[in-house]
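The primary structure of each chain is shown beneath.
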Amino acid sequence: MCDKRSLLAALILAIHCLHTVQVHAAEPAVTAIRGSCRVFSGPNSGTAFFVAPGDPATVGRKCLLITAAHVMESLGGEKCTVAFRASVANQQFERRPVEFPIRKDNAPLWVRHPVLDIAVLGVELPEGIDVHVYSEEQLATEKLAEEGKVTPGQHVWIPCFP
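Worth saying up front: this structure is predicted, and the values here are computed from it rather than measured. (Residues numbered from 1 in each chain as written. Predicted model: local features only at pLDDT ≥ 70, side-chain atom pairs only at ≥ 80, totals over all residues. Heavy atoms only, no water.)

*Asks:* Explain the overall build of the protein chain here, please?
*Replies:* The helix and strand tally for the protein chain stands at 4 helices and 10 strands. Counting from the amino terminus, helix and strand elements in the protein chain follow one another as α-α-β-β-β-α-β-β-β-β-β-β-β-α. Looking at the protein chain as a whole, 29% of its 162 residues are labelled buried. When contacts within the protein chain are restricted to residue pairs at least 6 apart in sequence, long-range pairs at least 24 apart make up 61% of them. With the model as given, the accessible surface of the protein chain reaches about 11,100 Å², and the carbon-plus-sulfur share is 60%. (Helix = DSSP H or I, 4+ residues; strand = E, 2+ residues; numbered from the N terminus. Buried < 20%, exposed > 50% of the residue type's maximum accessible area, 1.4 Å probe, protein only. Contact = heavy atoms within 4.5 Å. Areas by Shrake-Rupley, 256 points an atom, 1.4 Å probe, with all protein chains shown as cover.)

Here is the structure:
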């Protein structure tokens, strides 16, 4: 069991680290955080990330929202809300909820993979949000594993909403 002095020392160290660490957008952890968001409807929610279909430089704000199929199936109604981050003054962020249609006349607007627990929804990202959109080349494939570029014990960054 920790005493009060140990807890205070840990808190001071944590605060010091939070104020002194330089964050660079190219760092994988920062990219993973910027690349994830929360998707929800009512009490049900999950994590999603975005992939540009084709060249990210030419697709504009159109992209694919990727999440687990069981998440999309659990979301009731015609719309879901995606909790984005928006940059505000002094390098701070605020929550920016945006609604997207997920069904029309009770028919899903998203596509489920025939075997895997993956769902994809085409969306257009709103202006003013801070989100990293992944390119298709950034996704792991079976070919990468076959070529030994994805191996057991390798460090990976998985986008998820904290």
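*Asks:* Looking at this structure, I do not really get unusual backbone geometry. What am I missing?
*Replies:* Among all residues except glycine, the phi angle is most often negative; among peptide bonds, the trans geometry is most common. Here the phi dihedral of D105 falls at roughly 55 degrees; this positive angle occurs in a residue that is not glycine. You can see D105 is positioned in the loop between β6 (103-104) and β7 (107-108). According to the relative accessible area criterion, D105 is exposed, its value standing at 68%.

*Asks:* Help me understand the environment of V120, please; the structure alone is not making it clear to me.
*Replies:* With respect to the element layout, V120 can be found in strand β9 (residues 119-124). It is 6.2 Å that separates the C-alpha atoms of V120 and L64, two residues lying 56 residues apart in sequence. When sequence neighbours within four positions are dropped, the list of residues in contact with V120 reads L64, L65, I66, W110 and V111.

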